[in-house]
Amino acid sequence: MLNFDEKRFLRIQSGAVSHAGGLYRAVQECLEQGAQNLFFLGTGGAAILMMPAAQMLQRQSSFATFLEMSAELVLTGHQALGPKSIVVIPSLSGTTRESVAAMEYCKAKGAKIISLIGHAETPLAKGADHSFVNFAEDDTSCESFYIQSLLIALAVMHLRGEYANFDETAQELAHLPHALLSVKRGYEAQAERIAEEIKSEPYHIITGAGSTWPEAFYYGMCILEEMQWVRTRPVHASDFFHGTLELVEKGVSVLLFKGEDASRPLVERVERFLPAYTDKVRVFDTAEFMLPGISDKVRTLISPVVLATIFERISAHLEVKRNHPLTTRRYYKRVTY
């Protein structure tokens, strides 16, 4: 595979899964100490990657769960944040300014902090009550963060009697790194073809729903915009027919992210509409990929993980075909802002 280290990928994703026991115990300790709610806080892409886990808790658990903007929460406060709060903060570097500020703010309110970071000996590693270090880089961090946040959500639900199969699910997820590697290998030729097709597109409308919406949002903002300087319009599939459809015409690129959860019909509705109005519709459907060792039930939980895996391959080819390395920045961490 182009510019890809298979052993590194397996090591990182296996590292994420290996935190299952530790994450479970951290959540258990917080609940035993009287925690009554949970906040997912982060900055930029890392915050977006917490959305599927937050959605799961909000929709399937009675445990109060909030997904907030770190920088805004520090300025506005939140009536539910306090000594009975669990706060989950992801940051690949462990040094993200807004996230460090959020940690200090939440600690001052008495909340317990669980940090998910890529590097030890950083502020978010040292300052958290429970820190989980799993080294990753930009091309491997999505799956790692998705998996760890999913495990936190499942731990909360299991400990509250709302999800019966935490151990079984964790055991299935142990098969996921190799299954994802197999997906990457099988998708390589298609990834190159798609990269060739879209390398000169001036912008993309990107849509998804349920757990695929965060990945659609993430890929548009953090990869195509930040790393490739390509304009995008991420829009939730349920909102597609309330504004964005008026931008659709011949030649407009639309990327559809289809998952396997209950929100799939929302994307399928957009899929049915588009062919009559644009000739550039590309559908990315997680149901098309074999995942040995993963049950149908667990597949519904990991659609964004699978999408992140295939889009990493597309991105690897896109940066070469556009002669625009994914590490190139004009402003991010280069100028004062």
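Figured I'd write up the structure that's included with this text. Just so we're clear, the structure is a prediction, and the values are computed from it rather than from any experiment.

Parameters at a glance
- Residues numbered from 1 in each chain as written.
- Predicted model: local features only at pLDDT ≥ 70, side-chain atom pairs only at ≥ 80, totals over all residues.
- Heavy atoms only, no water.
- Helix = DSSP H or I, 4+ residues; strand = E, 2+ residues; numbered from the N terminus.
- Contact = heavy atoms within 4.5 Å.
- Salt bridge = Lys/Arg side-chain N within 4 Å of Asp/Glu carboxyl O.
- Buried < 20%, exposed > 50% of the residue type's maximum accessible area, 1.4 Å probe, protein only.
- Pairing = 2+ DSSP bridges.
- Right-handed = clockwise from strand over helix to strand, strands pointing away.

### Let's talk about the side chain of Arg8
Counting through the fold element by element, Arg8 comes out in helix α1 (residues 6–18). Once residues lying within four places of it in the same chain are set aside, the contact partners of Arg8 are Glu137, Asp139 and Thr140.

### Here we look at the pattern of salt bridges
Taken as a whole and judged by the stated rule, the model has 22 salt bridges. For Glu197, the salt bridge is made with Arg282, and the minimal N-O distance between the two is 3.1 Å. A residue pair is termed long-range when its members are at least 10 positions apart, and Glu197 in helix α10 (residues 176–198) and Arg282 in strand β9 (residues 280–285) qualify at 85 residues. Since its relative accessible area comes to 12%, Arg282 is described here as buried. Three or more residues are tied together by salt bridges with common partners; here these are Glu143, Lys184, Glu188, Glu312 and Arg313.

### Digging into the pairing of strand β4 (residues 112–117)
Counting buried positions over the six residues of β4 gives five, a clear majority of the element. Two strands pair when backbone bridges link them, and strand β3 (residues 85–91) and β4 are joined in this way by six bridges, in the parallel orientation. The residue bridging Ile86 from the neighbouring strand is Lys112, located in β4. Between the parallel elements β3 and β4, the chain passes through helix α6 (residues 97–108) in a crossover that is right-handed. Two strands pair when backbone bridges link them, and β4 and strand β5 (residues 130–133) are joined in this way by four bridges, in the parallel orientation.

As far as function goes, none of this settles anything; it's purely spatial.
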